[in-house]
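# Structural overview for review
Residue-level listing of the chains:
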Amino acid sequence: MSVVLGIETSCDETGVALVCDGVLLGDALASSMRSHARYGGVVPEIAARAHVDALVPCVAQALTAAGLDVTEVGAVAVTAGPGLATALQTGLAAAKAYALALGVPLYGVHHLAGHLAADVVDAGPLPNPLVALIVSGGHTSLLLVGDLARDPIVHLGDTLDDAAGECFDKVARVLGLPYSGGPALDWAAREGDAGAVAFPRPLLGRADAPYTFSFSGLKTAVARWAERHGAPVGARLADVAASFQEAVVDVLTAKAVRACVDHGARDLLVVGGVAANSRLRALAARRCEAAGVRLRVPAPRRCTDNGVMIAALGDLLVHAGAPASALDLSANPAAFLRGAMLDSDPVASPR
Ligand code: KG4
Ligand code: ZN
């Protein structure tokens, strides 16, 4: 048995957790989201400084919650990419320091692979194989996943331009909603009529690439609508928000379920910040049931960035006997998802 300390600092959340044998022992989460609100988006330097302030207190809080002493940590897992360069570096530096001081292995993991492992501590081991839909602020991908700790991850399709979360954030801004846009839009849409405005469903035609996404045209369509009609308020705002949200989740769920059917996969996993979206969760459940596909979506608090997902992935790697990362591992802000761990030398890894 080896207690894994997980550290996540790729964006504006400082996440720390302790996981052992698939069991969550304790965790802590600090967010600098409020400091970014007046700028309308994450300011990397503010995020990095907030991580420096929050890291050691979060580790202490997670250890206290677990009733453990730091000397009982048996391995350290840390997000090494992708993410904001300076934010990643704070977590990586802390993780290396803990690993070196404690004389335990370091696992530099891929942030998106962490998202895939987010609910292992709640719902048990992941089905193998499965189709995964990752929908975060920076990424939108449909994947074929085998053994997460051992097998390469196959990309069925990705987004050609904006990520789904990025699209939510930008459209929220156009509609005058506060940062962070995704949750604000989800909330604004709850009483709206999703059929009020016929926004486009990008790449959903018969001739389109079946698993590829594109969201920048949809974002532009909402901006054009706002130019023509003025910024909506009240019930009109709810209708536009619901109509936009419906277009995004219609495309996401249609392609995800199709990928399952085409590949004979019985399980769909939906993860990443946008997986917290209430309408995406509801429509995915309905369409999966109709197609005979089992749906797995983490609890909303495990969809957005946290330390538990990184500790849980580290725990899987320890159990798989994965070789540890070198202590000179660099952060890779643009790391492509190919497996659970990042290569030691990002410069030498072709995309
Ligand atoms: O995974 P995540 O926490 O960070 C990244 O790795 O990017 O995802 C953040 C994204 C943001 O774009 C945020 O607006 C979106 O997830 N998000 C949502 C909701 N909650 C978070 N989008 C739509 N509806 C939500 N309820
Ligand atoms: Zn994330």
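Everything below is about the structure printed above this text.
Attention here is on the structure that accompanies the text. In this text, all values refer to a predicted model and were calculated from it rather than measured experimentally.

## Comments concerning the coordination of the zinc ion (ligand 2)
On the protein side, the zinc ion (ligand 2) has H111 (NE2), H115 (NE2) and D305 (OD) as donor atoms, found 2.0 to 2.1 Å from it. One chain supplies every donor for the zinc ion (ligand 2), spaced along it as H-x3-H-x189-D. Residue H111 is found in helix α4 (residues 111-116), and its partner D305 is found in the loop between α11 (300-303) and α12 (308-320); the two are separated by 194 residues along the sequence. In this structure, H111 and D305 share a single accessibility class: buried.

## Some remarks on the pairing of strand β2 (residues 13-20)
With eight of eight residues buried, β2 is to be regarded as a mostly interior element. Covered by surrounding structure in β2 are E13, G15, A17 and V19 together with T14, V16, L18 and C20, the residues of both alternating faces. Note: strand β1 (residues 3-8) against β2, five bridges, orientation antiparallel. Along β2, the bridge assignment pairs L5 with L18. Between the antiparallel neighbours β1 and β2 lie four residues. In this structure, the hairpin formed by β2 and strand β3 (residues 23-31) is closed by a connection of two residues, where D21 is found at a positive phi of approximately 50°.

## Re the nonpolar core
Counting 48 residues, the largest nonpolar core has V135, L185, F199, F244 and L252 as its most contacted members. Going through the elements one at a time, β6 (130-135), α6 (164-174), α7 (181-188), α8 (216-229), α9 (234-262), β9 (267-271) and α10 (278-291) are the ones with two or more residues in this core. Residue contributions to this core peak at 14 residues, all from α9. Other than its neighbours up to four places away in sequence, F244 contacts C167, F168, V171, L185, F199, L218 and V222.

## Examining the site of ligand 1
Around ligand 1 sit 19 residues in total, of which H111, H115, G137, D169 and D186 are the nearest. G165 places a main-chain nitrogen or oxygen 3.1 Å from an oxygen atom of ligand 1. Between ligand 1 and D186 there is a distance of 2.9 Å, counted from a nitrogen atom to a side-chain nitrogen or oxygen. Isolated, ligand 1 exposes 550 Å² of accessible area, and the fraction of that covered by the protein chains is 88%. Where the shell around ligand 1 is concerned, the elements lending two or more residues are α4, α6 and α7. When its residues are assigned to classes, the shell around ligand 1 shows four nonpolar, twelve polar and three charged.

## Quick word on the sheet that holds β1
A sheet is described by the order of its strands in space; here five strands give the open sequence β3-β2-β1-β4-β5, paired in mixed fashion. Of all the strands in the sheet, the pair left with one neighbour each is β3 and β5 (106-110). Along the sheet, successive strands turn relative to each other by an average axial angle of 20°, direction set aside. Sitting on the sheet, helix α3 (residues 85-102) touches β1, β4 (73-81) and β5, and the angle it makes with β4 is about 160°.

## With respect to the packing of aromatic side chains
Centre-to-centre distance and the angle between the planes together describe a pair of aromatic rings. Under the definition given, this model contains two aromatic pairs. Over the ring of W187 we find R190, and its NZ or CZ is 3.6 Å from the ring centre. Cation over ring: K255 sits above F213, and NZ or CZ is 5.8 Å from the ring centre.

Conventions used here
Residues numbered from 1 in each chain as written. Chains lettered and ligands numbered in written order. Predicted model: local features only at pLDDT ≥ 70, side-chain atom pairs only at ≥ 80, totals over all residues. Heavy atoms only, no water. Donors = N, O, S within 2.8 Å, 3.2 Å for Na, K, Ca; no water. Helix = DSSP H or I, 4+ residues; strand = E, 2+ residues; numbered from the N terminus. Buried < 20%, exposed > 50% of the residue type's maximum accessible area, 1.4 Å probe, protein only. Pairing = 2+ DSSP bridges. Core = buried A, V, L, I, M, F, W, Y, C linked by side-chain atoms within 4.5 Å. Contact = heavy atoms within 4.5 Å. Near = heavy atom within 4 Å. Polar contact = N/O pair within 3.5 Å; in protein donor to acceptor, adjacent residues only side chain to side chain. Areas by Shrake-Rupley, 256 points an atom, 1.4 Å probe, with all protein chains shown as cover. Nonpolar A, V, L, I, M, F, W, Y, C, P; charged D, E, K, R; others polar. Axes fitted to C-alpha atoms, helices over the stretch in contact; angles between N-to-C directions. Phe/Tyr/Trp six-rings, centres within 6.5 Å; stacked < 30°, edge-to-face > 60°. Lys NZ or Arg CZ within 6 Å of the ring centre and 35° of its normal.

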